[in-house]
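Listed here are the chains, written in short residue letters.
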Amino acid sequence: MLKMNDDLEGALKEYLALLDEEEYFEAHEVLEEAWHPLRLGNHPLANLAKGLINGAITFEHIKRNRKNMQNKAQRVIASYERYKHLSAEGIEHAVLFKQACQKIESLKIKHAEVFNVLVP
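Residues numbered from 1 in each chain as written. Predicted model: local features only at pLDDT ≥ 70, side-chain atom pairs only at ≥ 80, totals over all residues. Heavy atoms only, no water.

1. A closer look at the overall build of the protein
Here's step 1: A count of helices and strands for the protein gives 5 helices and 0 strands.
Here's step 2: Its helices and strands in sequence order give the protein the pattern α-α-α-α-α, from N to C terminus.
Here's step 3: The C-alpha radius of gyration of the protein comes to 13 Å, within 12% of the 14 Å expected for a compact globule of 120 residues.
Here's step 4: With the C-alpha coordinates aligned to their principal axes, the bounding extent of the protein is approximately 35 × 30 × 25 Å.
Here's step 5: Out of the 120 residues in the protein, the part that is buried amounts to 45%.
Here's step 6: Sequence separation of at least 24 residues holds for 66% of the intrachain contacts in the protein that already meet a minimum separation of 6.
Here's step 7: A total accessible area of about 6,700 Å² is found for the protein, and carbon and sulfur atoms account for 52% of it. (Helix = DSSP H or I, 4+ residues; strand = E, 2+ residues; numbered from the N terminus. Rg over C-alpha atoms; globule rule 2.2 N^0.38 Å. Buried < 20%, exposed > 50% of the residue type's maximum accessible area, 1.4 Å probe, protein only. Contact = heavy atoms within 4.5 Å. Areas by Shrake-Rupley, 256 points an atom, 1.4 Å probe, with all protein chains shown as cover.)

Here's what the structure looks like:
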């Protein structure tokens, strides 16, 4: 597992690497460490980071395939869907946030059977 990092840029890089390794829970943990100071400081990127945290947890639900997995995954992805539009040019770490959103979108396509009731 990669080292925890409360630095946003480092956390985003670790998050991306962990998503590639299908280590969704760990990706959530790494980004959550960086999210806490954003949330406490009412940082404009706090909601986007929270959406990505929930995006990772969505795929952990799918990976574990527990009871009510589809319902849980659909509920949790809603946070990501609500905030993904905040990933825009000009924000701090825009490239990394864009890459993170692209990875979540790719995972949604990979697991389309879970999200077949969602409208893109």
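2. Here's the deal with the packing of helix H1 (residues 8-20) against helix H2 (residues 24-40)
Here's step 1: At a minimum axis separation of 8 Å, H1 and H2 run at an interaxial angle of 165 degrees. Judged by the inter-axis angle, H1 sits roughly antiparallel to H2. Seen along the crossing, H1 lies across H2 with a hand that is left-handed. The segment H1 lies against H2, with Leu8, Ala11, Leu12, Glu14, Tyr15, Leu18 and Leu19 engaging Tyr24, Glu26, Ala27, Val30, Leu31, Ala34 and Leu38. (Axes fitted to C-alpha atoms, helices over the stretch in contact; angles between N-to-C directions. Parallel < 35°, antiparallel > 145°, perpendicular 65-115°, else oblique. Left-handed = near helix turned anticlockwise from the far one by under 90°.)

The values reported here are purely geometric and, on their own, carry no functional implication.
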